[in-house]
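A closer look at the structure
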Amino acid sequence: MASKVQERQAKLRERLIDAGEAQVIAGGASSMKARDLAREAGCALGAIYNVFDDMQALLMAINMRTFRRMGVAVAASQEGAEGLDPNQRMIRMAMAYLHFAAENTNLWRALFDLEMSVDGRVPDWYLQELGRLFAYIAAPLAELFPEKDEDELDLMTRTMFSAVHGIVLLGLEKRISGVPLERVEEMLKQLLCQIGNK
């Protein structure tokens, strides 16, 4: 009996994630409404909270899917890149990140719109996916800066991610300080080509 209940809950969980993901794609994370989710998933409103503690927990589950898909895109950018220099490998990663963000803007934004403090409980999967993404960035940086120790390399990796993310965010938001999307690739290339140049 317990296994059938768990199976039903697992199926409901997937339906709710699917419905929530569709709402985020259509209108961003703030557009998610419990009543609409219940209707789409074919369940009572209260049943949502039998599966997820709150709406933030549901958004976190949606973000997990997005983060993994983004990781796959970045990993794919490194296929066949073994013979390229470190800067070119970073450029390929940045292009993959940009194109993922441009093609999945509302899902991508939801990764960063979710309030999550380092002082609070950060889910293990989030730390693992972030660690995997940072490992891709750290590898070419370690080649460019072999003299850096682990802490210095970690800080440089986070700096590079922040720089690329900022350019992508400003480009996609078309703010005054950004540039049109067609120029974002050029900006990323200009930035990453300079890394390690003495």
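Before reading on, note that the structure itself is shown above.
Right, let's walk through the structure included here.

What counts as what
- Residues numbered from 1 in each chain as written.
- Predicted model: local features only at pLDDT ≥ 70, side-chain atom pairs only at ≥ 80, totals over all residues.
- Heavy atoms only, no water.
- Helix = DSSP H or I, 4+ residues; strand = E, 2+ residues; numbered from the N terminus.
- Buried < 20%, exposed > 50% of the residue type's maximum accessible area, 1.4 Å probe, protein only.
- Contact = heavy atoms within 4.5 Å.
- Lys, Arg positive; Asp, Glu negative; His and termini not counted.
- Charge placed at Lys NZ, Arg CZ, Asp CG, Glu CD.
- Axes fitted to C-alpha atoms, helices over the stretch in contact; angles between N-to-C directions.
- Parallel < 35°, antiparallel > 145°, perpendicular 65-115°, else oblique.
- Left-handed = near helix turned anticlockwise from the far one by under 90°.
- Salt bridge = Lys/Arg side-chain N within 4 Å of Asp/Glu carboxyl O.
- Phe/Tyr/Trp six-rings, centres within 6.5 Å; stacked < 30°, edge-to-face > 60°.
- Patch = residues over 30% accessible without salt bridge, like charges linked within 9 Å, V, L, I, M, F, W, Y side chains within 5 Å.
- Areas by Shrake-Rupley, 256 points an atom, 1.4 Å probe, with all protein chains shown as cover.

Some words on the overall build of the protein
Within the protein, the secondary structure is distributed over 9 helices and 0 strands. On the principal axes, the C-alpha backbone points of the protein span a range of 65 × 40 × 35 Å. For the protein, with 198 residues in total, the buried portion stands at 41%. Sequence-distant contacts in the protein: of pairs separated by 6 or more residues, those separated by 24 or more amount to 68%. Charged side chains in the protein number 23 positive and 28 negative. The centres of these two groups are separated by 7 Å.

Let's talk about the packing of helix α5 (residues 86-103) against helix α7 (residues 124-144)
For the pair α5 and α7, interaxial distance at closest approach is 9 Å and the crossing angle is 160 degrees. When the axes of α5 and α7 are compared, the pair comes out roughly antiparallel. Read as a crossing pair, α5 and α7 show a hand that is left-handed. Across the interface between the two elements, Pro-86, Asn-87, Arg-89, Met-90 and Met-93 of α5 pack against Tyr-136, Ile-137, Ala-139, Pro-140, Leu-141, Glu-143 and Leu-144 of α7.

Some thoughts on the pattern of salt bridges
Evaluation of the coordinates by the stated rule reveals 12 salt bridges. Its salt-bridge partner being Lys-11, residue Glu-7 comes within 3.4 Å of it at the nearest N-O pair. Here Glu-7 and its partner Lys-11 are both found in helix α1 (residues 2-27), 4 residues apart, which amounts to about one turn of the helix. What makes Glu-7 partly exposed here is its relative accessible area of 45%. Ionic pairing is found between Glu-14 and Arg-65, a salt bridge with its closest N-O pair at 3.1 Å.

Comments concerning the packing of aromatic side chains
Counted by the stated rule, this structure contains 7 aromatic pairs. Ring geometry for Trp-125 against Tyr-126: centres 5.7 Å apart, planes inclined by 75 degrees, an arrangement best described as edge-to-face. You can call Trp-125 buried: its relative accessible area is 14%. Ring pairing ties together the aromatic residues Tyr-97, Trp-108, Phe-112, Phe-134 and Phe-161, which thus form one cluster.

Section: a negative patch on the surface
Among the surface-exposed residues, Glu-147, Asp-149, Glu-150, Asp-151 and Glu-152 lie close enough to one another that they form a single negatively charged patch. Tracing the sequence through the fold places Glu-150 in helix α8 (residues 150-173). With relative accessibility at 69%, the residue Glu-150 sits in the exposed group.

By themselves, these are just geometric observations and shouldn't be taken as functional.
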